[in-house]
Amino acid sequence: MQRYRRYGASSSAPVEEVHAEDEVSTEEEVFEQDTEPLVEGGGQAEVQQTGGVTKDGVQPMKDDLTPAVSETEAKNHPVESKNGKRTEGGGGGGDTGGGPKYSMFTWLVVLALLGVWSSVAVVYFDIVDYDSVIARAKEFHMNFSQVLQGKLTAYDADGDGDFDVEDAKVLLGLKAERQEQEAESSQHVTETGSEQAVGPESTSPDATEREALLLQDGADSGSQDVESEIQAAVSLPPVLDNSFVPEEETDSIDTTGVLLKDPTTQGSVAESERLTSSTLTDEAEKQPEPPATAEPQMETRPDTPETRPQEKLKEKMKKKKPKLFNKFDKSIKTEIDAAEKLRKKGKVEEALKAFEQLVQQYPHSPRARYGKAQAEDDLAEKLRSNDMLQRAITSYREAAELPDVTSDLLRAALKRRAERQQFLGRIRGSLATLEKLVQVFPDDISLKNDLGVAHLLIGDNKGAKKVYEEVLAAAPADGFAKVHYGFILKSENKIAESIPYLREGLESGEPGTDDGRFYFHLGDALQRVGDDSAYDWYELGHKRGHFASVWQRSLYNVDGLRAQPWWTAKETGYTDLVKMLERNWKTIRDEALAMMDQNTGVFMPEEENLRERGEWGQYTLWQQGKKVGNSCQGVPKTCSLMERYPEATGCKRGQIKFSVMQPGTHVWPHTGPTNCRLRMHLGLVIPKHGCRIRCTNQTREWEEGKVLIFDDSFEHEVWQEADSFRLIFIVDVWHPELTPYQRQTLSPI
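The rules we used
- Per-chain numbering applies: the sequence of each chain, read as written, is numbered from 1 onward.
- Local features in this predicted model are restricted to residues whose pLDDT is 70 or higher, and side-chain atom pairs enter the listing and the counts only when it is 80 or higher, whereas totals over whole chains, interfaces and linings include all residues.
- To get the side-chain values, take all heavy atoms of the structure and skip hydrogens and water.
- Within 6.5 Å between ring centres, the rings of Phe, Tyr and Trp (the latter by its six-membered ring) count as paired, and their orientation is classed by plane angle as stacked under 30 degrees, edge-to-face over 60, tilted in between.
- A helix here means a DSSP run of H or I that spans at least four residues, while a strand means a run of E at least two residues long, and both kinds are numbered starting from the N terminus.
- Only protein chains enter the accessibility calculation, which uses a 1.4 Å probe. A residue is then buried if its area is under 20% of the maximum for its type, exposed if over 50%, and partly exposed in between.
- By definition, a salt bridge exists where a carboxyl oxygen of Asp or Glu is found within 4 Å of a side-chain nitrogen of Lys or Arg.
- In this analysis, axes come from line fits to C-alpha atoms, helices being fitted only over the stretch in contact, and the angle between any two N-to-C directions falls in the range 0 to 180 degrees.
- In these notes the angle categories are as follows: under 35 degrees is roughly parallel, over 145 is roughly antiparallel, 65 to 115 is roughly perpendicular, and the rest is oblique.
- Two helices crossing with the near one rotated counterclockwise from the far one by less than a right angle form a left-handed crossing, whereas a clockwise rotation gives a right-handed crossing.
- We call two residues contacting when some pair of their heavy atoms lies within 4.5 Å.
- Sulfur atoms of two cysteines make up a disulfide when they are within 2.5 Å.
- At least two DSSP bridges between two strands are required for those strands to pair.
- Helix span, expected: 1.5 Å multiplied by one less than the number of residues in the helix.
- In this description, the arc belongs to the directions extending from the helix axis to the C-beta atoms.

Caption draft 1: The packing of aromatic side chains, seen in detail. Scanning the entire structure with this criterion turns up 11 aromatic pairs. Judged by centre distance (5.7 Å) and plane angle (75°), the rings of Tyr535 and Tyr538 are edge-to-face. Taken together, the residues span about one helical turn, with Tyr535 and Tyr538 both in helix H25 (residues 534–543) at a distance of three residues. Using a relative accessible area of 1% as the deciding quantity, one classes Tyr538 as buried. Pairing Phe603 with Tyr619 gives two aromatic rings, centres 5.5 Å apart and planes at 55°, and the pair type is tilted. One end of the pair, Phe603, is in the loop between helix H28 (585–598) and strand S8 (604–605); the other, Tyr619, is in strand S10 (residues 616–623), and 16 residues separate them in sequence. Taking the relative accessible area as the measure of exposure, Phe603 reaches 18% and is therefore buried.

Written as structure tokens, this is what we have:
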């Protein structure tokens, strides 16, 4: 599992979405802006209407109303008319005179004065009630807003109660799709008849049956779910803070066909570590790659009778909009939408308070309780709080248990609950939730696929296999089920049988199939049957960013580390350790031989399914940075020597062990899981001929008392063709370029 993964150390700490509502104001906001001049600008409007008299009846300064030329000036100065004649009093225009004339400007001034005095009379005698006029204007605005809002609601395509960007997308580009959904909906109503009359969106299973399914759900708080029995489980790394830390870590698939934890880090390490590898250095790039052949094509699934129903089902699921409101929830939709908008705008605390009030006021509202769970989920993300996330998990369950919950909300609530349980490391609780979901929705292929993954995460390959067999019986072309089923077959050492499932699953290109682990296992299976197309798949995995190169195929890596297959002691910087091993090789050898002679069974057979044939035993002293039991009691001098070198004993992604290999043994080409370590081999008992190791395209032989150093994240292979056993001492050390902080925070492998 990744560690949030418990928020303290996530390789991918969850980030909240930015919703379209953040960029678009609501209809209420738009109309409020439009009406502000009616209230705040009222005084200005009144001044214009009264010709210079304010609402309080105060006349503006006279200077403000003075025209450019006064009437008196017009009378006392001669004015030249068009024909050049000069006239007294602004008279008119002919040679014959005809009495005094007045200019148009004079009349305008008279009319203006009349208007001013009329306005004064209106205000003084209170002929017009301006307050009532403004009140009527406001009332008209509100009515108009409601009418317009009602009209816009007809174009509400996303069900959030208003017309926004998402709805516009439907109108501008996706209208045909919406019409198709409406046609399907009307057809569904016709088919279901009186059932739909109860509630158009309440399509949930029988409440009694659902309650029985959910009644015995584990409460996720107790000790029953803390320790899951995981295959190849490892202990947690030390926690540097007291925030969100998982209780168990079980998420990834090891190269050997069993599940391992997904190694994650904290702080900057989480950002630097990827499921890709470091860039090769110049020295490594000089290493020739395997001969390139035709790249495997990701084929489009053929249109056959067996694939058509599944494709139609997936298309329908994509188009169908979830129905989260039952009949009662629709009656309080406005209040729910207001709280939801707060959540989508990132105002998580306010949204949670709003939803809590709704739940208190309407305790039987599934949509309100589901919104509360989502707000708690978001707040847990923001605060990086385990306790808050547990509250969200509980609220999701409560929402699903309420009567009259719609089937879509039931599915969404329990599916999210299962995801968050996995996030906390409560895999068994997640498994129980998914089992309930599959019981309620037995035809939902995606839920069954999720259930199969949950079985894998607790090491129950048998349970996962049964689930995927059911999926493939119902949907033979399902790519997700194929790659996982192929992986399970390979873990059972059914190599040839696993290949078509892995290959066809990858070729399907379905979500969840483009994973480095599946490229890894398909290539490995092809290598074991002697098919050179394995390197084509490795190349494709490299191009898709899963492997650093065709040779270097480790899955759990830190970016930027120097990458080369073979190293010298000087290049590693661990010259003191190498000198100590080579000086004391006989002491180390004698203790190992003594343990072999006692035949106490401390040398355990290799269990990683890496041997094609032969016998290979190992006696481990340190693993994941810790001593293994009482193993050092048999070889005290060796352990005493090693304890002075924390780069080895503290390497949480490595081991310190003796390795004995009998004649006739061949180890398949394979790679280690991480680029965070280098591996030292000290020769103890080496036959003169027949023992060799290949790393990439270079093959070397061991020497007694000498140390070989290589990066086991590159492909390597071993042959033991001598006539007696070979004994070496293996010491893993941190990659020299890892910082002290990275060494402290990287999780164990």
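Caption draft 2: Seen up close, the pattern of salt bridges. Counted under the stated rule, the structure contains 35 salt bridges. With a shortest N-O distance of 2.8 Å, Asp524 and Lys490 are connected by a salt bridge. Of this pair, Asp524 sits in helix H24 (residues 516–528) while Lys490 sits in helix H22 (residues 479–491); the two residues are 34 residues apart in sequence, bridging distant segments of the chain. For Asp524, a relative accessible area of 5% puts it in the buried group. With a relative accessible area of 5%, Lys490 lands in the buried category. As a salt-bridge pair, Asp514 and Arg544 come within 3.8 Å of each other at their nearest N and O atoms. With a gap of 30 residues between them, Asp514 in the loop between helix H23 (495–508) and H24 and Arg544 in the loop between H25 and strand S6 (557–558) connect regions that are remote in the sequence.

Caption draft 3: Examining the packing of helix H15 (residues 348–361) against helix H16 (residues 366–383) more closely. It is at 9 Å that the axes of H15 and H16 come closest, and there the two elements cross at 155°. Judged by the inter-axis angle, H15 sits roughly antiparallel to H16. At the point where H15 passes H16, the crossing takes the left-handed sense. For the pair H15 and H16, contact is made by Val348, Glu349, Ala351, Leu352, Phe355, Glu356, Leu358 and Val359 and by Ala368, Arg369, Gly371, Lys372, Ala375, Glu376, Asp378, Leu379 and Lys382, respectively.

Caption draft 4: Examining the state of the cysteines more closely. A full pass over the atoms with the stated rule returns one disulfide. In this model Cys632 forms its disulfide with Cys639; the gap between the sulfur atoms is 2.1 Å. Across the disulfide from Cys632 to Cys639, rotation about the S-S bond amounts to roughly -85°, and the bridge is consequently left-handed. Cys676 supplies the cysteine sulfur nearest to Cys651, a cysteine that is in no disulfide, at a spacing of 8.5 Å. Accessibility expressed as a relative area gives 1% for Cys651, which makes it buried.

Caption draft 5: Region of interest: the sheet that holds strand S9 (residues 611–613). Taken in spatial order, the five strands make up an open sheet running S9-S13-S18-S15-S16, and their pairing is antiparallel. In the strand order of this sheet, the two ends are held by S9 and strand S16 (698–700), each with one partner. Going from strand to strand, the sheet's axes swing by 20° on average, the running direction of each strand aside. Judged from the two bridges that link them, S9 and strand S13 (residues 665–670) form a sheet pairing that is antiparallel. Paired with Arg613 across the strands is His666, a residue of S13.

Caption draft 6: Structural detail: H28. In a regular helix each residue adds 1.5 Å, so 14 residues correspond to 20 Å; H28 covers 20 Å between its end C-alpha atoms and thus fits that length. Taken together, the buried positions of H28 are Trp585, Ile588, Arg589, Glu591, Ala592 and Met595. Buried residues in H28, looked at end-on, bunch into an arc of 165°, giving them a common side. Exposed side of H28, more than 90 degrees from the buried face: Asp597 and Gln598 are the residues found there. Residues of H28 that are buried sit in contact with helix H27 (575–583), S10, helix H29 (636–642), strand S12 (655–661), strand S14 (677–685) and strand S19 (726–734). One or two steps after H28, the chain reaches Asn599, where phi turns positive at roughly 50°.

Caption draft 7: Summary view of unusual backbone geometry. Of note in this structure, Arg384 is not a glycine but carries a positive phi near 55°. The backbone of Thr696 shows a phi angle near 55°, a positive value even though the residue is not glycine. For Thr696, the position within the fold is in the loop between strand S15 (691–695) and S16. With relative accessibility at 1%, the residue Thr696 sits in the buried group.

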